[in-house]
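So you can see what is in the structure, the chains are spelled out below.
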Amino acid sequence: MSQPRLLYANRYGDIVEHPRLLAAGRAGQLITDVEPEEWVPLPDGATLAWLPGTRPIGVDPRTGEMTALGDGCYAVGALLPQGYTRLLLPGYVRRKEEDVTLPLFGYTAVGWHRGRIMVAAHRTDDPAPWNPALVREVDVEQAVRRMLASHPGNRVFEHLSHCALTYGCMTAKNTFLGRYEGALPVSAACNAGCVGCISEQPEDAPFPSPQTRLTFRPTVDEMVDVMLTHIRSHPDAIISFGQGCEGEPSMRWPDIARAIRRVREETAEGYININTNAGLTRGIQAIVDAGLDLMRVSIISAIPEHYNAYYRPRGYTLDDVAASLRYAADHGVYTSINYLVFPGVTDREEEVEAMAEFLRRTGVRLVQMRNLNIDPDYYLARIPPQRGELIGMRGVMEALRSEVPGLEIGSYTHVPPAPLARRRGSL
Ligand code: SF4
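Since the model is a prediction, treat every value here as computed from it, not as a measurement.

1. Observations concerning helix α6 (residues 281–290)
Where burial is concerned, most of α6 is hidden: seven out of the ten residues are buried. Buried residues of α6: T281, G283, I284, A286, I287, V288 and A290, and no others. Among the structural elements, α5 (253–266), β18 (271–276), β19 (294–299) and α8 (318–330) are those in contact with the buried residues of α6. One or two positions beyond α6, positive phi appears at G291, with a value near 130°.

2. With respect to empty space enclosed by the protein
Summed over the entire model, instances satisfying the criterion amount to three cavities of 30 Å³ or more. The wall of the largest cavity is formed by L6, L7, A24, P56, I57, A75, V76, P90, G91, A109 and V110. Elements that contribute at least two residues to the lining of the largest cavity include exactly β1 (5–10), β7 (54–59) and β9 (73–79). The class makeup of the residues in the lining of the largest cavity is ten nonpolar, one polar and no charged.

3. A short note on helix α11 (residues 393–403)
Of the residues making up α11, those classed as buried are M393, G395, V396, M397, A399 and L400. In the core, the buried residues of α11 are packed alongside β10 (84–86), β15 (116–123), β20 (334–341), α9 (349–362), β21 (366–371) and β22 (408–410).

4. Focus: the packing of aromatic side chains
How two aromatic rings sit relative to each other is set out by the distance from centre to centre and by the angle between their planes. Counted by the stated rule, this structure contains ten aromatic pairs. For the ring pair Y310 and Y311, a centre distance of 5.3 Å and an interplane angle of 75° mean the geometry is edge-to-face. Each member of the pair Y310 and Y311 is classed as buried. An aromatic cluster is built from Y307, Y310, Y311, Y316, F342 and Y379, whose rings are joined through pairwise contacts. The positively charged end of R95 is found above the aromatic ring belonging to Y74, 5.1 Å away from the centroid. The aromatic ring of Y378 is capped on one face by R382, whose charged end is 3.5 Å from the ring centroid.

5. Regarding the domain arrangement of the chain
If you check the domain split of the chain, you get domain 1 (5–123) and domain 2 (135–424). Each of domain 1 and domain 2 has a C-alpha centre, and the two are 30 Å apart. Opposite the 27 residues of domain 1 that make contact, domain 2 presents 29 residues. Together, the buried faces of domain 1 and domain 2 total about 2,300 Å²; carbon and sulfur atoms form 58% of this surface. Its largest share of buried area at the contact with domain 2, domain 1 owes to R86, T101 and L104, together 31% of the area lost on that side. Joining domain 1 to domain 2, the criterion identifies four salt bridges. Between R94 and D377 there is a salt bridge, and its shortest N-O distance comes to 2.9 Å.

6. Points about the layout of surface pockets
Space inside the second largest pocket adds up to approximately 180 Å³. Along its surface, the second largest pocket is lined by 13 residues, and A27, T32, E38, L88 and G392 are the ones closest to its centre. Taken together, the residues of the lining of the second largest pocket sort by class into seven nonpolar, two polar and four charged. When residues are assigned to domains, the lining of the second largest pocket turns out to be shared by domain 1 (5–123) and domain 2 (135–424), each giving three or more.

Parameters at a glance
Numbers given to residues run from 1 along each chain, matching the order in which its sequence is written. This being a predicted model, a pLDDT of at least 70 is required before a residue's local features are given, and a value of 80 or more before pairs of side-chain atoms are given or counted; all residues contribute to the totals for chains, interfaces and linings. Calculation of side-chain values draws on the structure's entire complement of heavy atoms; hydrogens and water are dropped beforehand. In this scheme, a residue with accessible area under 20% of its type's maximum is buried, one over 50% is exposed, and one in between is partly exposed, where area comes from a 1.4 Å probe on protein chains only. Counting from the N terminus, the helices are the DSSP runs of H or I reaching at least four residues and the strands are the DSSP runs of E reaching at least two. Contacts: residue pairs with any heavy atoms within 4.5 Å of one another. Using a 1 Å grid laid over the protein atoms alone, points where a 1.4 Å probe fits but cannot get out form a cavity; open sets with protein on both sides within 12 Å along at least 5 of 7 lines form a pocket; any residue with an atom within 4 Å of a point counts as lining. Grid points are joined across faces, edges and corners, and a volume is the space filled by probe spheres set on the points. For this classification, the nonpolar set comprises Ala, Val, Leu, Ile, Met, Phe, Trp, Tyr, Cys and Pro, the charged set comprises Asp, Glu, Lys and Arg, and every other residue, Gly included, is treated as polar. Whether two aromatic rings pair depends on their centres lying within 6.5 Å, for rings of Phe, Tyr and Trp, where Trp uses its six-membered ring; planes under 30 degrees apart make the pair stacked, over 60 edge-to-face, and the rest tilted. Put simply, a charge is over a ring when the Lys NZ or the Arg CZ is close to the ring centre, within 6 Å, and near the line of the ring normal, within 35 degrees. Here the bounds of each domain stem from an automatic or database domain assignment. Once two parts are brought into contact, the accessible area they lose, counted with a 1.4 Å probe and summed over both, makes up the buried area. For this analysis, a salt bridge means a side-chain nitrogen from Lys or Arg found within 4 Å of a carboxyl oxygen belonging to Asp or Glu.

Structure, rendered in structure tokens:
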């Protein structure tokens, strides 16, 4: 395949194909060519964004030289749907004269090829279950009305109706439609201060948090009502604590443990999952002992200096996170990581070696590749400098698969392979 042409935006935000230059990508601070096999057509459910404060870079097809465009030209990036791992950032440098910090999105390199928009991405999982284009808004609205009418006074359903209808959150929509993975946010508090937190940003942050945290404490009764409703909606239903509209769920471990025990007294159906930073090990242990089925731990690096620079943990360390994962795995929970990935950082040799060792040590079964949503320069300025060789994002997935026996790689939470199903019977 010949290389796609550079796409850029003019000062009016119109997206334009460059008549001569080819598209470039970026890994960390490095502007680089994009390998032909790294391009795929823009997937369904993806969107395009123009990047203010940037100067796009293209490749001269005759000389291979990198060329920056002039004034009034801005970079363009794609925002990918679930199921796709970003391989490269858009090729651009910052405009020194414009002090702009981009909002919390996962910007991906784009190009134009034979009438189609291409992106530097890898299909890592089946995108269909999370494709917003496959869910009709009218169905969501009707389902919300029915659920609120049949669960009067349950504040969690009221809160999620806002998430489903205003934010367009797919997990919230699932909770009303009774499909796949449903949402159960329970905690406004958090024991970390992530640089790119999507539910809370400090007053002086140069970008807003895309969501706001819930402002009430769901009761155990409200939790049990949401859990039973979703778990009984279909055989493979997953109900998940830990959503984008809350802090750290395990801060409420006593109530979560009570809710899980009450649900498991009623039914062995479905799967109970928690999305967590897993820093509060004794809380996680209590939740596991209560009957948890799945656990997904958010992590950006297995190198403590990098982890601490991003998560800014309060009162826990990466070793506590590892201890929580090990405990859950040893007690039959199907564990995964929500791996916040970023080209030019995640694919450094030292990061891959550390992560492979971390996964072997903790018994994690599934790595969910999650494109980190943040302004690249803002993030790079806040983490330790990167050293080792770059092996590319596809190289990361190949290396982890080969160095961690039995490891699955995907993009979102799946029901566990059959053998794990036995666990619930033993409670
Ligand atoms: S762990 Fe989650 S809620 Fe807490 S600061 Fe990080 S992103 Fe935000």
